[in-house]
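One letter stands for each residue in the lines below.
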Amino acid sequence: MDKNQPKLCLTDLLDQDLSSFELFQSLSPKIKQEVKRKDPTNFDEMQNIIKSFENKIEGEKIYEKASKFRRTS
């Protein structure tokens, strides 16, 4: 990334990347808050944040609704 370019924030990411928007919208409210707090700048960062919660909070609802991003195994 060019250091003269402004850093994207979560809002920019959601506005510019449909996959990120769809993934974010599929999350439970609690996980959305955590993603907002961590402020990812790309889809991979967002996925890593979500994966870290999947590993930490056994049995807690990560996704609010069915999503094509949800792991099946």
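Our structure is the block above this text.
Read on for an overview of the structure. Computed from a prediction, not measured in an experiment: that's the story for all the values here. (Residues numbered from 1 in each chain as written. Predicted model: local features only at pLDDT ≥ 70, side-chain atom pairs only at ≥ 80, totals over all residues. Heavy atoms only, no water.)

### Digging into the overall build of the chain
Along the backbone of the chain there are four helices and zero strands. Mapped from its N terminus to its C terminus, the chain presents α and β elements in the order α-α-α-α. The buried share of the chain, reckoned over its 73 residues, is 32%. At a minimum sequence separation of 6, the contacts of the chain that also span at least 24 residues come to 56%. (Helix = DSSP H or I, 4+ residues; strand = E, 2+ residues; numbered from the N terminus. Buried < 20%, exposed > 50% of the residue type's maximum accessible area, 1.4 Å probe, protein only. Contact = heavy atoms within 4.5 Å.)

### Observations regarding helix α2 (residues 18-26)
Buried within α2 we find S20, L23, F24 and S26. Projected onto a plane normal to the axis of α2, the buried residues spread over an arc of 160 degrees and lie on a single side. (Arc of directions from axis to C-beta.)

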